[in-house]
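# Close look at the chain arrangement
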Amino acid sequence: MLLSWALTLLQATPILTARLDTLRARVRSSRQDILTERDTFLESYSPISQTRGPQRETHSSAVVITSSSATAVPSSVPQLATASTVATTLQTSDSPGTATLQPLSSSALSTAAVTSGLETNVSTTSTMAPSNIFSAPISSGAPPSIFKVQKDHPVPRKGIRGPAPISTNKFYANFFLKNQTTPAYVHPYTLTWARGQGSSSSWGMAISHTEADQLVYGDKSPDTNAARYFLNPVGIHSLALSATEFGQQTALTTDNLSSQSVNVNLHLNASTNPGITFPLVQGMGFVTAVYKGVTPLIETGVFFKTVTKSMKGPKQGMTKYTFYLEDGKEWHVYAYSAKGDTFDLTVVNNKMAQAAKPFDGIVQIAKDPGNGAETVIDAASGTYPIGVTLSGSVAGTQGTYTFTFQKGGFANVKPLMYALPHHVDSFDSATNQSISVAKLRTTTKGMATGVVADSWTMVEPQMPTTLGFTPWDRVYGEKKTLKDMQISTIMPVAVNESTQDVDMQSNQNSMYFSGKALAKFALISLAAKELLKNNSMAEDGRKKLEVAFSRFAQNRQQFPLYYDAAWGGLVSSATYITGNDGEDFGNTYYNDHHFHYGYFIHAAAIIGHLNPTWLKTQSNVDFVNSLVRDIANPSPSDKYFPVSRNFDWYHGHSWAHGLYETADGKDQESSSEDAMHAYAIKMWGKTIGDANMEARGNLMLAIIARSLSSYYLYQDTNEVQPQKFVGNRVAGILFENKCDHTTYFGTNIEYIQGIHMIPLIPSTVLTRPDKFVKEEWATYFNNGRVDNVAGGWRGILYGNLATIDPKTAWSFFTQKNFDPSWLDGGASRTWYLAYCAGEFSLVCFPRREEF
């Protein structure tokens, strides 16, 4: 325990770097250098002096004890795998009735590709959603020729085996960035290639899992008494799976990189075949190593206390050890060889246990959370996930999505997988019956629940199918009719704002700010048409908007988009031209694509809605569809873009962080812009008649609404995140390994809370519940405190207030001395007033009488 706390205290202060709003990614990049320095320090730290032997003073050698039986022995031998989805070769040994497993080769693992549907229909539009909304690609053709093909990228594809497209924003990215030694957060386990460093000094894969009592908290905010951050210590190597043959020449490669899984391979050197392959899948209950003729070595940075071997394993031919560590934690190790290789460990010292000879087979490690979970773990041993097939369907307002786990190992053994809280809350009845007693804490998503099943099905019963372009309510639908008094008040504002130059405001060197400007004017034209009933104003604004949009649809903006053939995606040419990796928030490095392109998709959906003839120009549709493909390609049949670059179907929200190494994993700052991109996809799908796309947008919005309430936006009743932190009301920046109540561009409270409010759109009321908005407002902005906020953030805050108190928000936006500086560059007073007017009618229904 002392060692664990020593490592914890090393990270008592997070590395926070403020950044200018227009240089967000540049500062992010330099911030990662600082984080890497911290990580390097941790990895080089060892509690054992290099001048002494490996045994600590006052600590005895680990003891090996042999027990008489395992906790769970099945009555029959596991059946051979015969299903085509099981990517392993099983054969019958010379001994009748004995199942044998042929360890997976790297190539065999690679061929077991994770798919989101195998159908070949490539139609881009449809009138009704098929049974699997992920089956057909948006397009399977090359991106339009307006995008210059760039064959190289500033970030090398380090150790990647296989062609593009490659997912850039997934949990495993640290394995192919820089020195490949920063952690990957698989949940609930954290994996790090130790590379001869850190507390274990291993050349293998280090495994850790942190408990709630190991969390490090920041100082308390004087306003809320909530901790400013919480983080999980890195650098704790509870156990490491390695081989005696590994050393200075050991190399790491990756293959079969999919949306929820990857193979990580360790080689004796760069020219040899893999010695160990680690199939990593989000939520996996075991860390599985497929050994291929190297000698297993199990190491630790926490020290063995005792090591026990079960004389009879949980399955025929399987060996089981239990490692009790000095921090009081218990880990189980299982081994099985298809060739009948024995797995006998010798405890060399309290940091190392070594097998007697090379091994062909699987070695699995699982942490025992107690509460009788060992029986569950024993029963699930011998099988492991190698990938996930995502499928989904919709029926009315109900949407379902299913994870089907591709397996290696014993075919008739169901895998143990850990589900996050939002999964468990939405399980169908069959999946719910597969919940086990095993529970392990995750780094930033609360307690994970062990589920023993070949698939999970989650149900979203209330998808926002009636959500449209105008102010909306879940119960009463859209609001398209305003009172005459409201129209007469808004009209002069709209006339004034419609004279602004959309072409100039959108002609910027940033896809982010250009997209925001286009979406701003699109909403003005929409309000004029749908709410103010002023067709001439709407037509005039729409025509100007189309001209401004055409610059981008023809890819003639200041920094045109390139098609990056190295990774597979549409990126800004800014970094190629300027050499600055932070241009446009790191768009060239795949940062924030769903934010940037989401605004364009939203604007295009409104243009097409107002003027359906615009859609008859195929180049317009192709341009927008290309943006959707980049951020939300549904199918591996599209060979030009990775599946679901941004949205993480396991986590229930997106990751904004692209090709930058970071010790705390992927992150996302603006949860509301994440919701915006899903809304934009839904509305674009609706506009072009793509029922699949519209259904996926509806499903994503429902999932985001559920997950944000657990992980990002905290009501008093939140029991997922640490109670010391929920008083902040929002996560700030949510990383895979920490939550930091701050922003990348400043620490003002209006920045931290407000970045989770923009943009104000009809789906805002879905993803930011009334009760949350009310509690957040009372915490930070009521009693006149909002009026101390300067600049565009004041307008953002009042726009947010309109969801629960549109009358007060209306009064703010209609005041005679209204200062235009209170408007964000991507917002208009016209839309704020139209939204307030629409919400005012909706709020008056009995559902909201409490407000």
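Numbering of residues starts from 1 in every chain and runs along the sequence as written. Selection of residues for local features in this predicted model requires a pLDDT of at least 70, selection of side-chain atom pairs for listing and counting requires 80 or more, and totals for whole chains, interfaces and linings are taken over all residues. Hydrogens and water molecules were not included; the side-chain quantities draw on all heavy atoms of the structure.

## Comments concerning the sheet that holds strand E36 (residues 733-735)
- The strand order across the open sheet formed by five strands is E9-E10-E37-E36-E35, and the pairing between neighbours is antiparallel. Pairing within the sheet leaves two strands with one partner each, and these edge strands are strand E9 (216-217) and strand E35 (667-668).
- Here, a strand pair is defined by DSSP locating no fewer than two bridges between the strands. Helix and strand assignments follow DSSP, with helices taken as H or I runs no shorter than four residues and strands as E runs no shorter than two, numbered in order from the N terminus. Two strands pair when backbone bridges link them, and E36 and strand E37 (residues 738-740) are joined in this way by two bridges, in the antiparallel orientation. When the bridges of E37 are listed, Ile733 appears paired with Asp740.

## Some points on the pattern of salt bridges
- A pair is scored as a salt bridge if a Lys or Arg side-chain nitrogen falls within 4 Å of a carboxyl oxygen belonging to Asp or Glu. This structure, assessed with the given rule, holds 22 salt bridges.
- The residue Arg706 makes a salt bridge to Glu460 at a minimum N-O spacing of 2.7 Å. Here Arg706 is found in helix H15 (residues 691-711), whereas its partner Glu460 is found in strand E28 (residues 455-460), with 246 residues between them in sequence.
- Residue classification places Arg706 among the partly exposed positions, given a relative accessible area of 23%.
- Through salt bridges that share partners, Asp716, Arg729, Lys771 and Glu775 make up one connected network. Relative accessible area decides the class of each residue, using a 1.4 Å probe on protein chains only: under 20% of the type maximum gives buried, over 50% gives exposed, and in between gives partly exposed.

## What to know about the packing of aromatic side chains
- To pair, rings of Phe, Tyr and Trp, with the six-membered ring standing in for Trp, must have centres within 6.5 Å; the planes then decide the type, stacked if under 30 degrees apart, edge-to-face if over 60, and tilted in the middle. Counted under the stated rule, the structure contains 47 aromatic pairs.
- Ring centres of Tyr401 and Phe403 lie 5.9 Å apart, and the angle between their planes is 70 degrees; this geometry places the pair in the edge-to-face category. With respect to class, Tyr401 is no different from Phe403; both count as buried.
- Members of the aromatic cluster, connected to one another through ring pairs, are Trp777, Tyr780, Phe781, Tyr798, Phe812, Phe813, Phe818, Trp822 and Tyr832.
- Directly above the aromatic system of Tyr711 lies the positively charged group of Lys445, at a separation of 5.0 Å from the ring centroid.
- A positively charged side chain is recorded as over a ring if its NZ (Lys) or CZ (Arg) lies within 6 Å of the ring centre. The angle to the ring normal must also be within 35 degrees. Positioned above the aromatic ring of Phe735, the side-chain terminus of Lys738 is 4.9 Å from the ring centre.

## Some remarks on helix H4 (residues 373-380)
- Across the eight residues that make up H4, a large majority, six, are buried.
- Positive phi shows up at Gly382, right after H4, with a value of about 95 degrees.

## Let's talk about H15
- Helices are assigned an expected span. That span is 1.5 Å times one less than the residue count. Spanning 21 residues, H15 covers 30 Å between terminal C-alpha atoms, matching the ideal 30 Å at 1.5 Å per step.
- The buried count for H15 comes to 19 of 21 residues, which makes it a mostly enclosed element.
- The opening residue of H15 is Asp690, an N-cap whose side-chain oxygen sits 3.2 Å from the backbone nitrogen of Asn692. We define a polar contact as two N or O atoms separated by no more than 3.5 Å, with the added condition that, inside protein, one atom must be a possible hydrogen donor and the other a possible acceptor, whereas residues neighbouring each other in sequence contribute only through side-chain atom pairs.

## Side note on the side chain of Ser644
- Secondary-structure assignment places Ser644 in the loop between helix H13 (618-632) and strand E33 (647-648).
- On the accessibility criterion, Ser644 (5% relative accessible area) is buried.
- Apart from residues no more than four positions distant in its own chain, Ser644 is found in contact with Lys170, Ile631, Ala632, Asn633 and Trp649. Any two residues whose heavy atoms approach within 4.5 Å are treated as being in contact.

## Focus: the sheet that holds strand E32 (residues 569-572)
- The sheet built from three strands is open, its strands ordered E4-E31-E32 with mixed pairing. Whereas interior strands pair on both sides, the edge strands pair on one side only; in this sheet they are strand E4 (148-150) and E32. Ignoring strand direction, the axes of neighbouring strands in this sheet form an average angle of 45 degrees.
- Bridging between E4 and strand E31 (residues 561-564) involves three bridges; their strand directions are parallel. Bridge assignment links Val149 to a residue of E31, and that residue is Tyr563. Axis definition: a line fitted to C-alpha atoms, over the contacting stretch in the case of helices. Angles run 0 to 180 degrees between N-to-C directions.

## Considerations on the side chain of His741
- Residue position: His741 is located in the loop between E37 and helix H16 (749-754).
- Within the structure, the side chain of His741 is placed 3.4 Å from the side chain of Asn728, a separation counted as a polar contact.
- Looking at His741, its side chain comes within polar contact range of the side chain of Gln753, at 2.7 Å.

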